[in-house]
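# Working through the structure, step by step
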Amino acid sequence: MKRNRIAKNGEFRRLLKQAFAINQRPLPWAKALAAGISSGLPVLIGVLLGQLQYGLIAGLGGLAFLYMFNEPYALRSKKIFFAALGLAFSAGLGVLLLQQPILAAAAVGLIGALAVFIFGAYQFTGPTAIFFVLVFLINNNMTDNPALFLLHGFLVFLGGMLSWLMAMWAFPFKPHAAEAKAVKQGYMALTALAESAGSAEFYEVRQHAWSTLKSAETALSNASAKWTRSNRLVQLTLLHAQATSVYAEIIKRGDRYSAVSKETVENLRLIASSVEASGKKSFAAAPRLQTETGDALTESTRKAYDILTGQRDKRTRDTELKAEPFKAVFANAFNKHSMVFFAAIRFGVVLAFAAFVAHFLPIAPSYWVPLSAAAVMSGATILSTFNRSLQRSAGTIVGIVVAAVILSFQPDGLFIALMIFALTALTELAIVLNYAVAAFFITPNALMIAESTSQIGDLSYFASARIVDVLIGSAIGLIGVLLIGRRRASTLLPPLMSKTLRSQQRFMSLLFSPYSPDIEAQPIEQKKMRTNLSNLKLVLDTAQGELPQRPPNLALLQQVFFASEQLAFLLENAAQKDRLALSPVQLGQLHLFFEMMANALEGNWPFAEHVIPEIPGFPEIEQELAALQETVRMSTRKIELHEQDETLE
């Protein structure tokens, strides 16, 4: 008992330290300045026109800029536009329902759920629902005339369009900067992978390289649009495709007993340093690829350099990667077993409950209750939600006191505009350090917008009322997340892993079947395999943040996932090549091999090694099957540790 109590106290101290740790990251000065202009300029225009309140409303549209990250302009354009549209809709609906508190509580829950679902389905990073909720709640308390809902929505949309301009101004000068950076990082990761070949660190470096290549693929697929198509984009896409070929060649030989030549490593490094300079007069030195060697890795590197220097056709439009259609994205996320769908429903229900509770509190206006609940629940996992509750409470309490002091002096419009500019910019700088620091600036910023036209009488009452709201809202958000499905991801892991392995078995059987199966079935099974892997990754990421944590068990399951992902990559490569068919006996062995692994994971049973059939012409697939088998065996061997963790709960 005493040992368990000591362990829990140590865990709590570790979580506290983690919640308030300062991240060592470069500060985004340019983005902070642009964010400040997006929120502060509309307020300044309103002051100059003698309409401070209208300027404050339009300034809320500037929050759309906070959804911008280092992403392709094609994606950035759509994301900021629809964020502005969503903020405008939230503002208008907030005004329309200002005399309907029950409907308003339901509406704010629906807005939050929709935002969480959309951001989760597309796996976008960023503030998700928090600013849509903020705009709805502020407008729901800013006026007493529901007929002004169109005006409020229009003003917020105008502010959002200013954010769009601030986000897109550099497009004519660097139209593909994000994509070029992603491809460059891919080749840098390949360089590190080639250097590690033949060493014990190879497997770990391989995971990082694969993750970097997947990020580059996502960036390039999001860059596809009619107005962004160019030879440069096609060139970057071809470079990425060649990077995957180089990756495939490295992992064929990159075990602990086979190193990659120093010349190849140097060539990859030179290509990486030249990606962003392509098309300019300044160019890195040419890789030393003058002679034919017949080596597949050397030839793959040569092709990459030929693409970079324009020696290969860059006008092949069918090489452009395209993002998955939105219907398919939502179809994958909209089912009862989806973590995205579950998180959206939970967010909406808890947020609506917080708004309903706030309506009956004696403190008015009490919109900080649902707003605090939304901020706490914006954490992607239970662990991050717990951290957010601590950060939100600490940062907001300090921020409220500061805002109350400022507002007690009844500042004029110009000072308010400057403060909103400064606080928004400081929020962008602080958010990369720690959310608690950011909350110190977010809170007075929101209060400046919402309360600057109000009269604050009792300073201590104002501050204490807002602090009580924040504490109540944070508690509701944290309790809601802890009570509703806090271990759902862990519950979904075994069946989803088994489902993924079985989909890989079906796809592999189609590839190597001697019975000439329907060609149309291969892309269908391939898509199912990709979907299962994508869902499994999301569930794994969520499970890693659940409380209590189980890092040993989850680390092993993460290795199973990586081996499955690598197998999928090799199978998709094999689908593009000529293949020899497997015999019925070999196909039977393959089916039993996958089925036994799936059963072991699903039932958490011990797993013994099984026969891996020979795959003619594809020894790398055999190696990956062996690696997958080993990771499954290790993960199912940890039953004792799993049961020990259960007792600690």
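Residues numbered from 1 in each chain as written. Predicted model: local features only at pLDDT ≥ 70, side-chain atom pairs only at ≥ 80, totals over all residues. Heavy atoms only, no water.

## A few points about the overall build of the chain
The criterion, for reference: Only DSSP runs of H or I covering at least 4 residues are called helices, and only runs of E covering at least 2 are called strands; the numbering of each starts at the N terminus. A simple rule labels every residue: compare its accessible area, found with a 1.4 Å probe on the protein chains alone, to the largest value its type can have, and call it buried under 20%, exposed over 50%, or partly exposed in between. In what follows, a contact means two residues having at least one pair of non-hydrogen atoms within 4.5 Å. Each accessible area is a Shrake-Rupley result for a 1.4 Å probe, and residues are judged covered by the shown protein chains and nothing else.
The secondary structure content of the chain amounts to 25 helices and zero strands. Relative to its full complement of 649 residues, the chain shows a buried share of 52%. A separation threshold of at least 6 residues defines the contact pool for the chain, and within that pool the share at least 24 residues apart is 81%. Accessible surface for the chain amounts to roughly 29600 Å². Of this, 62% is attributable to carbon and sulfur atoms.

## A closer look at the packing of aromatic side chains
Aromatic rings considered in pairs are described by the distance between their centres and by the relative angle of their planes. Put simply, the test is: When the centres of two rings from Phe, Tyr and Trp lie within 6.5 Å, Trp using its six-membered ring, the rings pair. Their planes under 30 degrees apart give stacked, over 60 give edge-to-face, and anything left gives tilted. For a ring to carry a charge above it, either NZ of a lysine or CZ of an arginine must fall within 6 Å of the ring centroid while also lying within 35 degrees of the normal to the ring plane.
In this structure the tally under the stated criterion is 19 aromatic pairs. Taken together, the ring pairs connect Tyr67, Phe119, Tyr122, Phe124, Phe131 and Phe132 into an aromatic cluster. Here the basic side chain of Lys31 rests over the ring of Phe69, its NZ or CZ set 4.1 Å away from the ring centre. The ring of Phe124 has Lys79 lying over it, and the distance from NZ or CZ to the ring centre is 5.0 Å.

## A word on the packing of helix H2 (residues 29–48) against helix H3 (residues 52–61)
Rules: In this description, a line fitted to the C-alpha atoms serves as the axis of each element, helices being fitted only across the stretch in contact, and the angle between N-to-C directions of two axes falls anywhere from 0 to 180 degrees. Should an angle fall under 35 degrees it is called roughly parallel, over 145 degrees roughly antiparallel, and 65 to 115 degrees roughly perpendicular, with every other angle called oblique. What makes a crossing left-handed is the near helix being turned counterclockwise from the far one by less than a right angle; a clockwise turn instead makes it right-handed. Nonpolar residues are Ala, Val, Leu, Ile, Met, Phe, Trp, Tyr, Cys and Pro. Charged residues are Asp, Glu, Lys and Arg, and all others, Gly as well, are polar.
Remark: H2 packs on H3, axes separated minimally by 7 Å, with the N-to-C direction vectors making an angle of 165 degrees. In terms of orientation, H2 lies roughly antiparallel with respect to H3. By crossing handedness, the relation of H2 to H3 is classed as right-handed. Residues Ser39, Pro42, Val43, Gly46 and Val47 of H2 lie in contact with H3, whose contacting residues are Leu52, Gly55, Leu56, Ala58 and Gly59. Of the residues assigned to the contact of H2 with H3, the class counts are six nonpolar, four polar and no charged.

## As for the pattern of salt bridges
In plain terms, the rule: Whenever a carboxyl oxygen of Asp or Glu lies within 4 Å of a side-chain nitrogen of Lys or Arg, that contact is scored as a salt bridge.
Tallying each qualifying case throughout the model produces 16 salt bridges. One salt bridge in this structure joins Glu595 and Arg502, with 3.0 Å as the shortest N-O distance. Within this pair, whereas Glu595 is found in helix H23 (residues 584–603), its partner Arg502 is found in helix H20 (residues 488–511), the two being separated by 93 residues in sequence. The shortest N-O distance in the salt bridge between Arg502 and Glu602 comes to 3.4 Å.

## Details of H23
Residues spaced three or four apart along an α-helix point in a common direction, a consequence of the helix completing one turn every 3.6 residues. Our working rule: Here, expected helix span is obtained from the residue count minus one, scaled by 1.5 Å. What the arc describes is the spread of directions from the helix axis to the C-beta atoms.
Taking 1.5 Å as the rise per residue, H23 with 20 residues should run 28 Å; its terminal C-alpha atoms sit 28 Å apart, in good agreement. All buried positions along H23 are accounted for by Gln586, Leu587, Leu590, Phe593, Phe594, Met597, Ala598, Ala600 and Leu601. Each buried residue of H23 lies within a common arc of 165 degrees when the element is viewed along its axis, so the set occupies one face. Away from its buried face, by an angle of more than 90 degrees, H23 presents the exposed residues Pro584 and Val585.

## Focus on the environment of Ala328
With respect to the helices, strands and loops of the structure, Ala328 is situated in helix H13 (residues 326–333). For Ala328 and Thr531, which are 203 residues apart along the polypeptide, the C-alpha to C-alpha distance reads 9.9 Å.

## A look at the side chain of Ser274
Applicable threshold: Any pair of N or O atoms that falls within 3.5 Å is considered a polar contact. Within protein, one atom must be able to donate a hydrogen and the other to accept it, and sequence-neighbouring residues count only if both atoms are side-chain atoms.
By secondary structure assignment, the location of Ser274 is in helix H11 (residues 262–274). Reaching out from Ser274, the side chain makes a polar contact with the backbone oxygen of Leu270 at a distance of 2.8 Å.

## Considerations on unusual backbone geometry
Non-glycine residue Gln123 carries a positive phi angle of around 55 degrees. Summarising the element assignment, Gln123 is placed in the loop between helix H5 (101–122) and helix H6 (130–140). Even without being a glycine, Thr128 presents a positive backbone phi close to 45 degrees. Here Thr128 shows up in the loop between H5 and H6.

## A look at the packing of helix H4 (residues 73–96) against helix H7 (residues 149–168)
Closest axis-to-axis distance for the H4/H7 pair is 8 Å, and the angle between their directions is 160 degrees. Considering the angle they form, H4 stands roughly antiparallel to H7. H7 is crossed by H4, and the crossing has right-handed handedness. Counted by class, the contact of H4 with H7 contains 17 nonpolar, six polar and one charged residues.

## Notes on the nonpolar core
Here is the rule: Residues grouped as a nonpolar core are buried Ala, Val, Leu, Ile, Met, Phe, Trp, Tyr and Cys residues, joined through side-chain atoms within 4.5 Å.
Residues Leu63, Leu87, Phe131, Phe132, Val133 and Met448 are the most contacted members of the largest nonpolar core, which totals 88 residues. Per-element accounting of this core gives the leading share, 10 residues, to H5. The contact partners of Phe132, leaving out residues within four places of it in the chain, are Tyr67, Ala83, Gly86, Leu87, Ser90, Ile111, Ala115 and Phe119. Of all hydrophobic cores here, the second largest spans 80 residues; its members include Ala180, Ala304, Tyr305 and Leu587.

## Remarks on the confidence of the model for the chain
For clarity, the threshold we go by: In predicted models, pLDDT denotes the confidence assigned by the predictor to each residue on a 0 to 100 scale.
When pLDDT is averaged along the chain, the result is 82, and 82% of the positions lie at 70 or above. For the chain, per-element mean pLDDT is lowest for helix H25 (residues 639–648), which scores 42, and highest for H7, which scores 96. Of the regions scoring below 50 in pLDDT, residues 281–286 engages in 10 contacts with residues more than four places distant in sequence or in other chains. Note that pLDDT drops below 50 for residues 639–649; the model gives that stretch 17 contacts with residues more than four away or on any other chain.

## Considering the environment of Met161
Tracing the backbone shows Met161 in helix H7. Residue classification places Met161 among the partly exposed residues on the basis of a relative accessible area of 22%. Spatially, the C-alpha atoms of Met161 and Ser38 are 9.2 Å apart, while their sequence positions differ by 123 residues. Sequence-distant contacts of Met161, that is, excluding residues within four places in its chain, are made with Phe81 and Ala84.

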